[in-house]
Amino acid sequence: MTMSGSELIADLQARGLIAQMTGDGELEEHLSSGCRTLYCGFDPTADSLHIGSLVPLLALRRFQQAGHKPVALVGGATGLIGDPSFKAQERKLNAAEVVTSWVERIKAQVSQFIDFKTGENSAEVVNNLDWIAKIDLLTFLRDVGKHFSVNNMINKESVKQRLDREGAGISYTEFTYMLLQSYDFAELNRLHGCTLQIGGSDQWGNITGGVDLTRRLNGNKVFGMTLPLVIKSDGTKFGKTETGTIWLDPAKTSPYAFYQFWLNTADADVYKFLRYFTFLPMAEIEAIEEADEVVQGRKSAQDILAREVTELVHGAEGLDAAERITEALFSGEIEQLTEDDLEQLKQDGMPASNLDKAGLGGQMLTGLFADCGLVKAGREAKDALGRNAVFVNGLSKGVEDNMKVAECFSPAQALYGRFFMVKLGKKKHHLFELT
RNA sequence: GCAGGGGUUCCCGAGUGGCCAAAGGGAUCAGACUGUAACUCUGACGCGAAAGCUUCGGUGGUUCGAAUCCACCCCCCUGCACCA
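Structural notes, computed from the coordinates. (Residues numbered from 1 in each chain as written. Chains lettered and ligands numbered in written order. Predicted model: local features only at pLDDT ≥ 70, side-chain atom pairs only at ≥ 80, totals over all residues. Heavy atoms only, no water.)

Quick look at empty space enclosed by the protein
Working step 1: In total, this model carries one cavity of 30 Å³ or more according to the counting rule given.
Working step 2: Considered as a void within the structure, the largest cavity measures approximately 100 Å³ in volume.
Working step 3: In this structure, the largest cavity is lined by 13 residues; those nearest its centre are Pro-84, Ser-158, Val-159, Met-178 and Asn-206.
Working step 4: Within the residue set of the lining of the largest cavity, elements represented by two or more residues are helix H9 (157-164), helix H10 (172-175), helix H11 (177-192) and helix H12 (204-218).
Working step 5: For the lining of the largest cavity, a count of residues per class yields six nonpolar, four polar and three charged. (1 Å grid on protein atoms, 1.4 Å probe; cavity = no way out; pocket = protein on both sides within 12 Å on 5 of 7 lines; lining within 4 Å. Points joined across faces, edges and corners; volume = space filled by probe spheres on them. Helix = DSSP H or I, 4+ residues; strand = E, 2+ residues; numbered from the N terminus. Nonpolar A, V, L, I, M, F, W, Y, C, P; charged D, E, K, R; others polar.)

This is the structure in structure tokens:
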């Protein structure tokens, strides 16, 4: 699937994926006239990326599908410094060895999204520590620093709130971040012929810095493009739930939880997200939107979105697991699950814990549910019991059952003699296994 | 450094000796409605099944009794001074 530069840009534009571009439209021509190398940076600020990084990550893939060569840069060096862009406060530095371990994880994660075996435009993963660690201070100050005007830098919107706000401030270290990222672009241009950098729109200042520096250092014209930050219609932060961040690492956010996250997308956002997060052609997305308009009940878009993104991130197996769990839990027919199914649910990321048969006597349901993390405090469980919102293997439980843990979880009631599926409210599930 | 203002439960923010586990709003959880939605309504919302226990920057003190008064300490903000 190769498309021309203008087709690619048009598709990105139709999807709402272009926030800003440098070069007054010259970029289209640049992309049309051959296979170009582009890069996007990902700083190791945690042991996994979260879904906020998905838009640029998928953008790299979109470019590759259009015949260009993507380079994923993992910021082993910049991750040691901390990007001040639009951050309200100075960040605390992570230990070097921690960052190093994160770099490896992020490298692997990033690699799932781009193809390393496509010949001419095969992807690459690089680490900016490889060149930044080598440069010495004086060389850096003379060759790189000299090209940056502090006057310009302090006028950047991205550091404004740090400079304006009393008591916030910005350290010299973080202030240097922009120079490092700019130097990355110049180096990638020199070493790999990279001519385009993409990133979130909060990176605009850093990207244009790199464009300028590359021209000054290498005498080459290069381009920058930013992607929109994902904004939810209700104004709340995208990618966070009550339970926490949605990570790409299946060990941190199970494919089931990941799938559920997308499934719960608001109607007001779902078509936008289909454009942002899937590779479905625009025509198809528009058709879905049109079809959903006349649907009275549940829209189809959330299902499609959840399926597409889960498969992209967790593969066919992850999607399969997520759908299997979803089907089991929300069909209301848990007794139809086989023993193997229940075993599998545990493997698939279903929240689960063991119950010691002998120790059930003195316990209470409220304490049990709080301990396993099903609720934050016993009071929530009590509230749910009071409203008959708790089901153990489909049987309703009330406050009067609170002290009767042993009865509620008696082997006679268990599925296959050992499993209990507890449902609290409409959406919270937990699997218990007697041991 | 000097002068003034402030630190309250997840967040914002009332409270200025007992009626305070602490108004109000937001967030969150649950119920009804529904589409595992949105909107709306209801309830919960420090911990505890309860009795009760622990909170209002920290430490001591005054009082029968303190988030509220006093002392010292820590942190933040606003002016001024210093660095220039």
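After presenting the structure, the write-up continues.
Let's talk about the sheet that holds strand E12 (residues 419-424)
Working step 1: Here we have five strands laid out as an open sheet, ordered E9-E13-E12-E10-E11, and mixed in their pairing. Edge positions in the sheet fall to strand E9 (352-355) and strand E11 (395-397), since each of these pairs with one other strand and no more. Averaged over all neighbouring strand pairs, the angle between strand axes comes to 30°, with direction disregarded.
Working step 2: Pairing of strand E10 (residues 390-392) with E12, which is carried by three bridges, proceeds in the antiparallel orientation. Looking at E12, one finds that Phe-391 is bridged to Lys-423. (Pairing = 2+ DSSP bridges. Axes fitted to C-alpha atoms, helices over the stretch in contact; angles between N-to-C directions.)

Looking at the sheet that holds strand E6 (residues 223-227)
Working step 1: Pairing is mixed in the open sheet, where six strands are placed in the order E1-E6-E5-E2-E3-E4. A strand with exactly one partner marks an edge of an open sheet, and here the two such strands are strand E1 (20-21) and strand E4 (124-127).
Working step 2: Pairing geometry for strand E5 (residues 194-200) and E6, over five bridges, is parallel. Within E6, the position partnered with Leu-196 by the bridge is Phe-223.
Working step 3: Packed onto the sheet, helix H3 (residues 54-65) meets strand E2 (37-42), strand E3 (69-74), E5 and E6 and runs at close to 165° relative to E2.
Working step 4: Taken strand by strand, H12 contacts E1, E5 and E6, and its axis lies near 170° from that of E6. (Contact = heavy atoms within 4.5 Å.)

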